[in-house]
Amino acid sequence: MDQILKEIQALALPLIGQGKVADYIPALAKVSAKQFGIAIYSNKGELFTIGDATTNFSIQSISKVFSLTLSMKHFGAGMWDKVGREPSGQPFNSLVQLEYEAGVPRNPFINAGALVVSDMNQSRFVSPHYAMKTFIRRLSGNQEVQSDHKVANSEYEFRSRNAAMAYLMKSFDNFDNDVEEVLRSYFSNCAIRMSCVDLAKAFSFLANKGYCRHSDEQVLTEQETKQVNALMATSGLYDEAGNFAYRVGLPGKSGVGGGIVAIVPDQFSVCVWSPELNKAGNSLAGMAALETLSQKIGWSVF
Ligand code: GLN
């Protein structure tokens with residue numbers, strides 16, 4: 001595995017310089033582009049890493065999988081009246097479908113869907129961000145996991161688009177709580193900082209039939225685990241989910257911080273990170289690294 005990781009790093013590093021670090025959140029634009037890391041965690045507890053695998057970065061939309069998992073645990077099938085399970089074929093922050101589809105977002109991984117899920121968690125928890133942080137600390141086995149207040153505040157300051165989605169959904173009666181409060185906890189969740197190692201470990205329950213070995217807990221049922229993986233495979237990379245399925249062939253979830261997590265069911269959870277993004281908002285070098293990795297090892301759910 002170590003040799004394969006070296007080869008992948010050698011292929012991916014020259015791609016740095018071809019993408020663009022997310023700058024629509026000003027506090028994220030300051031991240032140095034020249035970083036690249038991979039962590040692979042096996043269901044047996046083995047860890048393989050290369051590059052900047054222990055450097056913390058902003059998890060951004062990767063947090064949407066944790067929020068969805070929390071809401072599935074607490075609301076079960078009832079939550080699907082408020083959010084769909086179809087790929088959107090639209091950018092992650094698009095507003096257009098929402099108006100046509102009466103304020104019910106296509107899936108929990110586009111921003112509108114994640115906002116509805118955050119709204120549900122707001123109804124369920126006294127402090128939804130605290131609940132989320134505690135959950136992530138347990139899943140990753142890292143008690144130091146924190147949110148970056150500067151990034152969260154920067155997102156809140158430039159919230160117009162996300163706020164527009166939330167208010168539009170409220171106008172369709174698909175949003176229960178105070179919009180500004182939900183935006184605050186949504187941004188605090190997106191601004192959580194973790195490393196590739198933390199994320200590979202925290203996502204391991206999705207490769208392990210819902211079971212997390214560090215916390216020794218059944219996070220989701222086996223069936224729910226399959227469902228989350230199915231949603232990641234169809235919608236985890238927004239309007240590039242089809243391309244990701246074609247190139248990588250695994251359930252995955254990306255974030256504009258440059259992280260991508262992928263699941264090899266029953267075997268491994270993987271996290272790659274490099275801050276520069278392609279046009280769809282997914283890590284450019286990260287996509288290439290995962291493609292080569294899955295091809296070299298023969299990973300694919302298809
Ligand atoms: N916090 C970001 C936003 O709401 C998350 C987007 C992403 O990572 N794709 O715009």
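Every value quoted in this text rests on a predicted model; they were computed, and no experiment measured them.

Undergrad: Explain the side chain of H129 to me, please; I cannot follow it from the model alone.
TA: With respect to the secondary-structure elements, H129 resides in helix α5 (residues 128–140). Within the structure, the side chain of H129 is placed 2.8 Å from the side chain of N189, a separation counted as a polar contact. Ignoring anything within four residues of it in the chain, the contact list for H129 reads S147, S185, S188, N189 and I192.

Undergrad: I would appreciate a short explanation of the nonpolar core in the present structure.
TA: As a rule of thumb, nonpolar side chains are buried together in soluble globular proteins. Counting 63 residues, the largest nonpolar core has F66, M194, L199 and F203 as its most contacted members. Membership of the second largest hydrophobic core comes to 24 residues, among which are A12, F36, V264 and V272.

Undergrad: Would you explain the side chain of S42 in this entry?
TA: Looking at where S42 falls in the secondary structure, it is placed in strand β2 (residues 37–42). Polar contacts involving the side chain of S42 include one to the side chain of E46, which spans 2.7 Å. Not counting residues within four places of it along the chain, the set of residues in contact with S42 comprises Q267 and F268.

Undergrad: What is the right way to look at the site of the ligand in this model?
TA: The ligand sits among Y24, Q60, S61, F92, N111, E155, N162, Y186, C190, Y238, G255 and V256. S61 places a polar side-chain atom, nitrogen or oxygen, 2.7 Å from an oxygen atom of the ligand. Measuring from a nitrogen atom of the ligand, one finds a side-chain N or O atom of E155 at 2.5 Å. Compared with its free state, where it exposes 300 Å², the ligand has 99% of that area covered by protein. Its residues assigned to classes, the shell around the ligand shows six nonpolar, five polar and one charged.

Undergrad: What's the story with the pattern of salt bridges in this structure? I'm lost.
TA: Taken as a whole and judged by the stated rule, the model has eight salt bridges. Here E7 makes a salt bridge to K296, at a shortest N to O gap of 2.9 Å. With E7 in helix α1 (residues 2–12) and K296 in helix α13 (residues 284–297), this pair connects stretches of sequence that are 289 residues apart. For E7, a relative accessible area of 31% puts it in the partly exposed group. In this structure, the salt-bridge partner of D176 is K82, at a minimum N-O distance of 3.5 Å. Of this pair, D176 sits in the loop between α7 (160–171) and α8 (179–190) while K82 sits in the loop between α2 (63–75) and α3 (96–100), and the two are 94 residues apart along the sequence. Note on K82: relative accessible area 16%, which makes it buried.

Undergrad: So what exactly am I meant to see when it comes to the sheet that holds strand β5 (residues 146–147) here?
TA: Taken in spatial order, the three strands make up an open sheet running β4-β6-β5, and their pairing is antiparallel. Of all strands in the sheet, those with a lone pairing partner are β4 (57–58) and β5, marking the two edges. Each of β5 and β6 (192–194) is contacted by α5, which is oriented at about 10° to β6, the strand it contacts most.

Undergrad: It is not clear to me how the pairing of β2 should be interpreted in this structure. Could you clarify?
TA: Both faces of the sheet carry side chains from a regular strand, because those side chains alternate between them. With six of six residues buried, β2 lies mostly within the body of the structure. Direction of pairing for β2 relative to strand β3 (residues 47–51): antiparallel, over a ladder of five bridges. Bridge pairing links I40 to F48 in β3. Counted along the chain from β2 to the antiparallel partner β3, the turn is four residues long, and its residue G45 has a positive phi close to 100°. As paired strands, β2 and strand β11 (residues 268–273) are joined by six bridges and run antiparallel to one another. In the strand pairing of β11, S42 is matched with F268.

Undergrad: Would you explain α8 in this entry?
TA: Each α-helix winds once per 3.6 residues, and so residues spaced three or four apart point in a common direction. Given a rise of 1.5 Å per residue, twelve residues ought to cover 16 Å, and the 16 Å separating the end C-alpha atoms of α8 matches this to within 8%. Within α8, ten of the twelve residues are buried, which leaves the element mostly enclosed by the surrounding structure. Three or more residues of α8 are buried, namely V179, E180, V182, L183, S185, Y186, F187, S188, N189 and C190.

Undergrad: I tried to follow the environment of R106 on my own but got confused; where do I start?
TA: On the secondary structure map, R106 appears in the loop between α3 and α4 (111–124). Its relative accessible area of 26% is what places R106 among the partly exposed residues. Spatially, the C-alpha atom of R106 lies 6.0 Å from that of R85, the residues being 21 residues apart in sequence. Not counting residues within four places of it along the chain, the set of residues in contact with R106 comprises G84, R85, E86, P87, S88, Q97 and E101. In this structure the side chain of R106 is engaged in a polar contact, spanning 2.8 Å, whose partner is the side chain of E101.

Undergrad: How should the sheet that holds β2 be read in this particular structure?
TA: Sheet strands pair by backbone hydrogen bonding; their relative direction is either parallel or antiparallel. Spatial ordering of the open sheet is given by β3-β2-β11-β10-β9, a layout of five strands whose pairing is antiparallel. Looking along the sheet, the strands with just one partner apiece sit at the ends: β3 and β9 (252–254). Between one strand axis and the next, the sheet turns by 10° as a mean value, whatever way the strands run.

The rules behind each value
- Residues numbered from 1 in each chain as written.
- Predicted model: local features only at pLDDT ≥ 70, side-chain atom pairs only at ≥ 80, totals over all residues.
- Heavy atoms only, no water.
- Helix = DSSP H or I, 4+ residues; strand = E, 2+ residues; numbered from the N terminus.
- Polar contact = N/O pair within 3.5 Å; in protein donor to acceptor, adjacent residues only side chain to side chain.
- Contact = heavy atoms within 4.5 Å.
- Core = buried A, V, L, I, M, F, W, Y, C linked by side-chain atoms within 4.5 Å.
- Buried < 20%, exposed > 50% of the residue type's maximum accessible area, 1.4 Å probe, protein only.
- Near = heavy atom within 4 Å.
- Areas by Shrake-Rupley, 256 points an atom, 1.4 Å probe, with all protein chains shown as cover.
- Nonpolar A, V, L, I, M, F, W, Y, C, P; charged D, E, K, R; others polar.
- Salt bridge = Lys/Arg side-chain N within 4 Å of Asp/Glu carboxyl O.
- Pairing = 2+ DSSP bridges.
- Axes fitted to C-alpha atoms, helices over the stretch in contact; angles between N-to-C directions.
- Expected span 1.5 Å × (residues − 1).

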